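Coordinate inspection notes
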Amino acid sequence: MATNDNMEGSHIEPLQPTKEIYLAGGCFWGTEHYFKQIEGVEKTEVGYANGNVENPTYEQVCTDKTHFAETVHVCYHPDIVSLEFLLKLYFKAIDPLSINQQGHDTGSQYRTGIYYTAPEDLPTIEKVYQATQKEYGQPLAVEKLPLQNFYLAEEYHQDYLDKNPTGYCHLPLSLFEYARKAKEKKGSH
């Protein structure tokens, strides 16, 4: 019987279960790619959040009549990256004063928003939101609401910039490199 001697004496603690947050930051292609670069982000998927119809299509969302925001569902390991750190990185990737526009993309589906599923996340969201608002010295145009609904976008939107490396993106390439290098300074365990 084979044994794995490498495991002897090792005390690797399992990670806590992943947590989730939903972030709308303009066109979801670039926003998703940005969050995928961050250490501790386990999974991302793009979709439509907080609208008023069931199972919307991209074409319906683009009409401005469904009230959906293009949103990235971010699953992360809280042992590796905190919600506070993710939100600080989020605010580096958006213009938090712009209403229904990020970059050249305009329409209500490009609004910014933080949508949460765990009420215990609200104090952290408020803390980062207030600090960012203080930096700008004026009210932010970023929604902070409980997630009402979320529908996955069509398959061709998922991991779009991985499939289409030269595809359109409103975010500068330097921001992806910034996210790749960003490391949260955590206390020792």
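Predicted, not measured: the structure shown is a model, and the values here were computed from it. (Residues numbered from 1 in each chain as written. Predicted model: local features only at pLDDT ≥ 70, side-chain atom pairs only at ≥ 80, totals over all residues. Heavy atoms only, no water.)

**Points about helix 4 (residues 122-136)**
In this model helix 4 runs 21 Å from its N-terminal to its C-terminal C-alpha over 15 residues, within 8% of the 21 Å that 1.5 Å per residue would give. Elements in contact with the buried residues of helix 4: strand 1 (19-25), helix 3 (83-92), strand 6 (112-116) and strand 7 (142-146). Just past helix 4, the residue Gly 137 takes up positive phi, approximately 70°. (Helix = DSSP H or I, 4+ residues; strand = E, 2+ residues; numbered from the N terminus. Expected span 1.5 Å × (residues − 1). Contact = heavy atoms within 4.5 Å.)

**A few points about the pattern of salt bridges**
Applying the stated criterion to the full structure yields twelve salt bridges. Salt-bridge contacts for Glu 45 lead to Lys 43; the nearest nitrogen and oxygen are separated by 4.0 Å. Residue Lys 181 pairs with Glu 177 through a salt bridge whose shortest N-O separation is 3.6 Å. One end of the pair is Lys 181 and the other is Glu 177, both in helix 6 (residues 173-181) and four residues apart, which spans about a single turn. One salt-bridge network, held together by shared partners, links Lys 36, Asp 159 and Asp 162. (Salt bridge = Lys/Arg side-chain N within 4 Å of Asp/Glu carboxyl O.)

**So, the nonpolar core**
Judged by nonpolar contacts, the single largest core of 44 residues is most densely connected at Ile 21, Tyr 34, Phe 91 and Ile 114. When residues of this core are assigned to their parent elements, the largest contribution, seven residues, is made by helix 3. Ignoring sequence-local partners within four residues, the contact set of Tyr 34 consists of Leu 89, Tyr 90, Lys 92, Ala 93, Leu 171, Leu 175, Phe 176, Tyr 178 and Ala 179. (Core = buried A, V, L, I, M, F, W, Y, C linked by side-chain atoms within 4.5 Å. Buried < 20%, exposed > 50% of the residue type's maximum accessible area, 1.4 Å probe, protein only.)

**Let's talk about helix 3**
Across the ten residues that make up helix 3, a large majority, seven, are buried. The set of residues buried in helix 3 consists of Leu 83, Phe 85, Leu 86, Leu 87, Leu 89, Tyr 90 and Phe 91.

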